[in-house]
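# Residue-level structure breakdown
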Amino acid sequence: DRSAQTSSTIVAVGKDGERSFLHTRGCLANFRASDVLENLQLVKRAKIFAFGYLGLLPETEKDLEVLFRTIKKETRAKILLDTGGNPRRQPKPFASFIRYVDYFMPSYEEAVALTGRKKPEDIVQYLFDAGAPNVVGVKLGSRGCLVASSPNVAEYVPALRVKRVVDTTGAGDAFVAGFLAAVIREFSPFAAARIGNAVASECVTAVGASSAIQNFNHYVKR
């Protein structure tokens, strides 16, 4: 985009590994669902369409129903929606697009903001009541995650312990990457969550969002 700055983030990491973000959205303020729909041929080649982030693209949120419905109609791709920033609680718009989303696992803080619920089990129930058709969950940081494939089938998947947390940057994205890598290989959602937790656990052991991450088979063995 020649008229707007590229989106950019500075991450400040404290001694305890926690991080603060200094972020400028830049040209993402110009991003629209039509940018994806005009390139639907690329999505048709994919097994998974991972879209992020709900909470950082407010101009696009009103068109998410059309975007996801079109992807479901015109392609075979499964849809994962990820969250970031400060997602707003908007029950009616949320219900309009969550029904097309195959995988939705926000962080605990983002899930509370979206649902108004505080117990992970209540958050999951809210998501199914809103129309989520497949796998939902809540990422719980050092406690692992809660994953559910239906309102009656859920499992807490514990985190893997590490000797020292160096930098938590990218841990949530690392979980999603591991989860989707496993889903594409036809692992169950619960086995995929274990893989996701394993990837996230190694992510936090080094500075940077991906510098400690290894190949998929390493996590299968773990």
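See the structure shown above.
Keep in mind the model is a prediction, meaning the values are calculated, not measured. (Residues numbered from 1 in each chain as written. Predicted model: local features only at pLDDT ≥ 70, side-chain atom pairs only at ≥ 80, totals over all residues. Heavy atoms only, no water.)

### Some words on the environment of A111
Residue position: A111 is located in helix α6 (residues 108–115). Judged by its relative accessible area of 1%, A111 is buried. As for A111 and R89, which are separated by 22 residues in sequence, their C-alpha atoms are 9.4 Å apart. Leave out the neighbours within four places in its chain, and A111 touches P106, G116, I123 and V138. (Helix = DSSP H or I, 4+ residues; strand = E, 2+ residues; numbered from the N terminus. Buried < 20%, exposed > 50% of the residue type's maximum accessible area, 1.4 Å probe, protein only. Contact = heavy atoms within 4.5 Å.)

### Some thoughts on the sheet that holds strand β8 (residues 153–157)
Read across the open sheet, the six strands follow the order β3-β4-β5-β6-β7-β8; overall the sheet is mixed. The sheet is open, and its two edges are formed by β3 (48–54) and β8, each paired on a single side. Where strand β7 (residues 145–150) meets β8, five bridges bridge the pair, whose relative direction is antiparallel. Its bridge partner being in β8, L146 is matched across the sheet by Y156. (Pairing = 2+ DSSP bridges.)

### Describing the environment of Y156
Mapped onto the fold, Y156 is located in strand β8. Overall, the relative accessible area of 41% leaves Y156 in the partly exposed class. Considering only alpha carbons, one finds Y156 and G137, 19 residues apart in sequence, at a separation of 9.4 Å. The residues contacting Y156, other than those within four sequence positions of it, are P120, E121, L140, C145 and L146.

### Observations regarding the pattern of salt bridges
Opposite charge on two side chains makes pairing possible when the charged atoms of those side chains draw close. Inspection of the entire model under this criterion finds nine salt bridges. Residue E18 is joined to R19 by a salt bridge in which the shortest nitrogen-to-oxygen separation is 4.0 Å. The partly exposed category is assigned to E18, whose relative accessible area is 44%. Taking the shortest distance from any N to any O, the salt bridge between K139 and D82 comes out at 3.5 Å. Of this pair, K139 sits in strand β6 (residues 135–139) while D82 sits in strand β4 (residues 78–83); the two residues are 57 residues apart in sequence, bridging distant segments of the chain. Looking at K139, the relative accessible area reads 12%, which means it is buried. Taking relative accessible area as the criterion, D82 reaches 7% and is therefore assigned buried. (Salt bridge = Lys/Arg side-chain N within 4 Å of Asp/Glu carboxyl O.)

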